[in-house]
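# Report on the structure
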Amino acid sequence: MKTKYYKTIKPATAKARIANLVEAHNKAWEKLRNCEKCGGFKGDSVYDYRLAEAITFSQALRTMGITEVDFLAD
């Protein structure tokens, strides 16, 4: 049962998945910045969705130990 849910993946596949996650993280924050430029504000449903998406990607990367700022790496 354990092997059914926890499969090992090749290092190249892992790198590709991490690269896709980092790219999605950057796009999510860019979408949020564009939303702010267009007049989005807290409480607006589109802005709140973009903010939640960006924060979720950041938390996923931080959980994996990938950070943009050095002091967050500990």
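What you see is a predicted model, and the numbers here were worked out from it, not measured in a lab.

## Focus on a nonpolar patch on the surface
A grouping of Ile18, Met64 and Ile66 is seen on the molecular surface, where their side chains present a nonpolar patch of about 220 Å² in accessible area. Here Ile66 is to be found in the segment after α3 (45–63).

## Describing the environment of Leu32
Looking at where Leu32 falls in the secondary structure, it is placed in helix α2 (residues 11–37). Between the alpha carbons of Leu32 and Glu53 there is a distance of 9.0 Å; along the sequence they are 21 residues apart. Once residues within four sequence positions are removed from consideration, Leu32 is found in contact with Tyr47, Arg50 and Leu51.

How each quantity is defined
- Residues numbered from 1 in each chain as written.
- Predicted model: local features only at pLDDT ≥ 70, side-chain atom pairs only at ≥ 80, totals over all residues.
- Heavy atoms only, no water.
- Patch = residues over 30% accessible without salt bridge, like charges linked within 9 Å, V, L, I, M, F, W, Y side chains within 5 Å.
- Areas by Shrake-Rupley, 256 points an atom, 1.4 Å probe, with all protein chains shown as cover.
- Salt bridge = Lys/Arg side-chain N within 4 Å of Asp/Glu carboxyl O.
- Helix = DSSP H or I, 4+ residues; strand = E, 2+ residues; numbered from the N terminus.
- Contact = heavy atoms within 4.5 Å.

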